[in-house]
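Below, each chain spelled out in residue letters.
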Amino acid sequence: MTKAHLPGQSILDVLRPPVGWKTDRALLSSYSADPAVIAAALLALAARDDDGGSGTRAGLARALLELRGRVAFILQRGRIAAPRRGGLVLGMLDRFVREVPWNEGREDDEQGRSWHPKLAMLRYVPETGGNARWRLWLGSRNLTRDTSWDVGLTVEGQAEGAGQLLPGFPELVERLASAAGESQEWARHLPEAAALRWEVPRGLRLERVALHLPGDEGRSYPQEPAGLSELFAVSPFLDGTTVNHFGGWGDGRSRKILLSTHDEFARLAGQQAQPLARFADLLALPAATFEPEQSNAEETVEENMEGRGLHAKFVWAEHAVGATLWLGSANLTRRGWTRNAEVVAEVAVERRGSARAAVSLIEGIRAFRDQCVTIRLADLPAAAEPDEVMERLEAARRTIAAHLDARQHVQADGGTLVVSPRPPHPGDSDIRLSVARLTGAAVTWAVDATSARLPPVRGGSGWEASTERSLLPADPARPNVFALFHPSPLLTGLDPLQARRPGELAIRQSMMAQLSAVLSRHGISVVARGPRARPLPPWQTLAALETRTGHWQASRAAWQQVVGELRAERGDVTAGQRLEQTLDRWGEAGTETDVSVLDEEEVRAVAQLALEAPGVVLARAVARHWSEERTTSLPLVASLSWRGLRTYLDNPWFASTLGGSRGEHYPDAIRIAVRQGNLEAVLDEHFWYLAQTGVGTWPERLAAFASALRLRTGNTTLHEAPGQSFRLRCHAAAALTETRQAARTAGSDETEQQIRPEEVRHAFNTPFWPHVLATTSIGQEGLDFHPWCRAVAHWDLPPGPVALEQREGRVSRHAGLAVRRAIGAQLGKGRRWGSDSPWVTLARLAETEWADQMGLSPWWIAPGASIQRLLLSLPGSELEERMLGLSKERALYRVALGMPDQGDLVSLILDRQAAPSAGLGELCIDLAAFADPASAA
């Protein structure tokens, strides 16, 4: 508690993962919190903070993305402080906060209770793979800016290794995860938690750690140790019953000391039972340098304690066999030890003079006690009269927190309707209730009203506005977006390749005819003019048709798995809930809409959706190459469509390019782009290529494809000189990564980490992105970039023909894009297709018509196949002359190997056509069994 004994430690240092490790999961609990401190904690958990506990907005955004679904903060409802400043970034923090809706007041004959534990439970995993490491911190401070005196406990444990078991820890994990609503996510870690061995310094032993909850059977004060010689009890809040209980420990020879605040001593001194009389010494910290805020309520917002000097809560007892320390979040009150949720650890300490840790702890307790001042009851002023206004405001606050179970509904104009199941107004006519976004202006909530409307925020707000991912949301109010990415089994069965004539009109007519035939088999009539005055929107017609034809049950089951993925992997409760709400609306529309008779226009719109919806196009392309039962493939395709393809397209750059920059028009722009750009043909070609590689199963291939679609650009920091760096927003080029990259510091060696080269390379080998891959000479050997690239841009030239061959060979390989383009252009033009995959047909034709005896054609070389070479140099540069020379040298190198490239060889011969014919013989390989003596001469 002093620098000489127990050095101060920032909570951020506790949260930050060790070097080479990353946060896998974390649960943090507090009574109250400051949004800025939550943001700082997230930065530390992602190892993106600086030495001062701060960081950039870009770093926070990356931390939010990395930790979504992995970290949760559990708080008492109504105890988040209004931010002093911030902006939209702080509006994202609600994704991480879990509020416990307990009533802190005393209403309806109920005793108030609070969620009060202060602890952090952290699970780290190595960045390179291996066994996990756990860390547990518990103490008495909230997640606020308070810097008052505190005492805490931090221990680390691993499943393998030396150390002690920690009684009560598995139950603590279960209880904390349940409070966060993440029991399922943490359940798989419980066996590991029970087997952890904790590193506890010699001389100390953790007897138990417990998360006490209201209603726990047998819950009470700690048991008095035998042979008590000294008691030192510390708490900023007291009540007479609890002080009297601890004051009754020991006998006349036991020294008992109580440390609290002047206000608490003054309040208890006036009680008739005289609970303070049992303590020989009453201590307080020296007075603060400024007047502290007054608060007489036990559990008022504890950030008001800032400046009082005391936040620690512990009981230290020296007795016959050593000493015992009880520390945690519980004040010396009945509420703290019997009704609130509290965390308490019991530490056994060996006799003084033994292990270094025990000696240090004992000396630290002494040093802390010695800097306090003694309080004489006779010198205490009379207890301050309660502030009536503050008490009324505090009572109102508790009432609102208990009754306001708010839900937000975003409206069409961008406004937000905040709804509560019962009017949250405190009932005090002198108190006005207002509601606001975390960073917006407040509006009055009318008395007896169950809702209040917040005006639209210009430019959007919250997570969507800050990450620019609100163009294609999971929104029950926009089911057309869901229809866009729904791999409907009904529509997947319609095949545009069945059109008898080429052209868009013939394909549309074929899709319309196929759908009409399916509807006829289910007793649905298609008439020129339907019974409705206005046609149904396509999504509603499709929802009803899926229900009528029996397809929705399987689709709903597949989508429920996607909802589970959102909640489990990303912890995005809001996204999962909104998707589930969208499914509910889709199902309700399907049940309530009568489609026994349909208008031709309604059927035509659904048939057009089968041709243009990316989800249907994706499902159809997968089905052409993976013949699997629908119950197996449909959940994977739905996940790939929603969490992969939708994520990829939900980008302002695409919206601007496709002409749908306004959110409501973007889905239509996507449909047009899918049809005009022939996304189905691109996906068919890609899945055919994946099948040829033979690598992985189809579920693994689809999962890898989804990962590539979700790849995002990373932060770019430029370093000019030691200690000088700046961030640059790059529009033309940016690193593609989701892991942090350590910067070089002055006077240190280069410690930058690899930034997921495998993931970036894999994404480059898809038809989507990165569009350009920049690499050093490391990339010119052993790596393949040919699946979707046929161009090489030389920033500088390699030293010789072998290196040139290696470099350009990265995009000139088996079944590369250059070869496939030649096959498609020459064998696919004007051809009629059957029900098979077009690329299966093309591959069969190429192997039949272009095969050679050497096995090089058609997949290594093909007529008209060529890669593109770009030389990044100024006109007239010597690089152009060097490139020409290298190309000639490479042609000779190929001839020497017996595998000439026709183009290079012909160019070389033409350049030397004036030479004697004998000279050309030098370029040829003599394969005769016996050399001709004449030719040798």
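The coordinates are above.
Worth saying up front: this structure is predicted, and the values here are computed from it rather than measured. (Residues numbered from 1 in each chain as written. Predicted model: local features only at pLDDT ≥ 70, side-chain atom pairs only at ≥ 80, totals over all residues. Heavy atoms only, no water.)

(A) Highlighting helix 10 (residues 356-370). Helix length check: helix 10 (15 residues) gives 21 Å between terminal C-alpha atoms against 21 Å at 1.5 Å per residue, within 8%. Buried residues of helix 10: Ala 358, Leu 361, Ile 362, Gly 364, Ile 365, Arg 366, Ala 367, Phe 368 and Arg 369, and no others. (Helix = DSSP H or I, 4+ residues; strand = E, 2+ residues; numbered from the N terminus. Expected span 1.5 Å × (residues − 1). Buried < 20%, exposed > 50% of the residue type's maximum accessible area, 1.4 Å probe, protein only.)

(B) View of the pairing of strand 11 (residues 281-284). Burial along strand 11 is two-sided: the residues Asp 281 and Leu 283 and Leu 282 and Ala 284 are all buried. For strand 10 (residues 255-259) and strand 11, the ladder comprises three bridges, and the chain directions are parallel. Of the residues in strand 11, the one forming a bridge with Leu 258 is Leu 282. Each parallel crossover has a hand, and the one from strand 10 via helix 8 (residues 262-269) to strand 11 is right-handed. (Pairing = 2+ DSSP bridges. Right-handed = clockwise from strand over helix to strand, strands pointing away.)

(C) Fine view of the packing of helix 28 (residues 817-827) against helix 29 (residues 838-849). For the pair helix 28 and helix 29, the least separation of the axes is 10 Å and the interaxial angle reads 90°. Between helix 28 and helix 29, the interaxial angle falls into the category roughly perpendicular. Of helix 29, the residues touching helix 28 (which contributes Arg 820, Ile 823, Gly 824 and Leu 827) are Trp 839, Leu 842, Leu 845, Ala 846 and Glu 849. (Axes fitted to C-alpha atoms, helices over the stretch in contact; angles between N-to-C directions. Parallel < 35°, antiparallel > 145°, perpendicular 65-115°, else oblique. Contact = heavy atoms within 4.5 Å.)

(D) Spatial organisation of the sheet that holds strand 20 (residues 451-454). Strand order across the open sheet formed by three strands is 16-17-20, with antiparallel pairing between neighbours. Bordering the open sheet on either side are strand 16 (407-410) and strand 20, each of which pairs with just one other strand. The mean angle between the axes of side-by-side strands here comes to 25°, regardless of whether they run parallel or antiparallel.

(E) Spatial organisation of helix 25 (residues 698-709). Helix length check: helix 25 (12 residues) gives 16 Å between terminal C-alpha atoms against 16 Å at 1.5 Å per residue, within 8%. Trp 698, Arg 701, Leu 702, Phe 705, Ala 706, Ala 708 and Leu 709 are the residues of helix 25 that are buried. Buried residues of helix 25, seen end-on, are gathered within an arc of 160° and therefore sit on one face of the element. (Arc of directions from axis to C-beta.)

(F) Main features of the sheet that holds strand 11. In space, the eight strands of this open sheet follow the order 8-14-13-12-9-10-11-15, with mixed pairing throughout. Bordering the open sheet on either side are strand 8 (204-212) and strand 15 (373-374), each of which pairs with just one other strand. The sheet contacts of helix 4 (residues 169-179) involve strand 8 and strand 14 (342-349), and relative to strand 8 the element is tilted by about 30°. Across the sheet, helix 10 lies against strand 8, strand 9 (230-234), strand 10, strand 11, strand 12 (314-319), strand 13 (322-328) and strand 14, angled at about 115° from strand 12, the strand it touches most.

(G) Looking closely at the packing of aromatic side chains. Under the counting rule described, the total for this entry stands at 27 aromatic pairs. The interplanar angle of 70° and the centroid separation of 5.0 Å between the aromatic rings of Phe 482 and Trp 586 together place this pair among those described as edge-to-face. Here the residue Phe 482 occupies a position in helix 13 (residues 479-485), and Trp 586 occupies one in helix 18 (residues 573-592), the gap between them amounting to 104 residues. Given a relative accessible area of 1%, Phe 482 falls into the buried group. Ring geometry for Phe 485 against Trp 642: centres 6.4 Å apart, planes inclined by 85°, an arrangement best described as edge-to-face. On the criterion of sequence distance, the pair formed by Phe 485 in helix 13 and Trp 642 in helix 21 (residues 630-649) is long-range, its members being 157 residues apart. Here Phe 485 and Trp 642 have matching classes, each one buried. Linked through ring pairs, Phe 482, Phe 485, Trp 539, Trp 552, Trp 559, Trp 586 and Trp 642 together constitute an aromatic cluster. Its end group placed over the ring of Trp 698, Arg 701 keeps NZ or CZ at 4.8 Å from the ring centre. When the ring centre of Trp 788 is taken as reference, the NZ or CZ atom of Arg 820 above it lies at 4.9 Å. (Phe/Tyr/Trp six-rings, centres within 6.5 Å; stacked < 30°, edge-to-face > 60°. Lys NZ or Arg CZ within 6 Å of the ring centre and 35° of its normal.)

(H) Main features of the packing of helix 19 (residues 600-612) against helix 20 (residues 614-625). Put simply, helix 19 and helix 20 touch, their axes get as near as 6 Å, and they point 60° apart. Taken together, the axes of helix 19 and helix 20 lie oblique to each other. Across from Ala 610, Leu 611 and Glu 612 in helix 19, the residues of helix 20 making contact are Pro 614, Val 616, Val 617 and Arg 620. Residue composition of the contact of helix 19 with helix 20, by class: five nonpolar, no polar and two charged. (Nonpolar A, V, L, I, M, F, W, Y, C, P; charged D, E, K, R; others polar.)

(I) Local environment of empty space enclosed by the protein. Under the criterion given, the structure shown has three cavities of 30 Å³ or more. What the largest cavity holds in volume is close to 60 Å³. Taken together, Val 234, Lys 313, Phe 314, Val 315, Trp 326, Leu 327, Gly 328, Ser 329, Ala 330, Leu 332, Trp 337 and Val 344 form the lining of the largest cavity. Elements represented by at least two residues in the lining of the largest cavity include exactly strand 12 and strand 13. No other element matches strand 13, which puts three residues into the lining of the largest cavity. Residue composition of the lining of the largest cavity, grouped by class: nine nonpolar, two polar and one charged. (1 Å grid on protein atoms, 1.4 Å probe; cavity = no way out; pocket = protein on both sides within 12 Å on 5 of 7 lines; lining within 4 Å. Points joined across faces, edges and corners; volume = space filled by probe spheres on them.)

(J) Here's a closer look at unusual backbone geometry. Residue Ser 857 is joined to Pro 858 through a cis peptide bond whose omega torsion reads 10°. Although it is not a glycine, Asn 678 sits at a positive phi angle of roughly 55°. If you trace the backbone, Asn 678 turns up in the loop between helix 23 (666-676) and helix 24 (679-693). Relative accessible area serves as the criterion here: at 42%, Asn 678 is assigned to the partly exposed category.

(K) Focus on the nonpolar core. Core analysis: the biggest nonpolar cluster contains 75 residues, and Leu 491, Leu 579, Trp 642, Leu 683 and Phe 687 have the highest contact counts within it. The element contributing the most residues to this core is helix 21, with seven residues. Apart from the residues within four sequence positions on either side, Leu 579 is in contact with Ala 474, Phe 482, Trp 559, Val 562, Val 563, Leu 566 and Trp 642. The next biggest cluster of nonpolar side chains, apart from the first, holds 54 residues, and it includes Leu 138, Phe 169, Ala 193 and Val 234. (Core = buried A, V, L, I, M, F, W, Y, C linked by side-chain atoms within 4.5 Å.)

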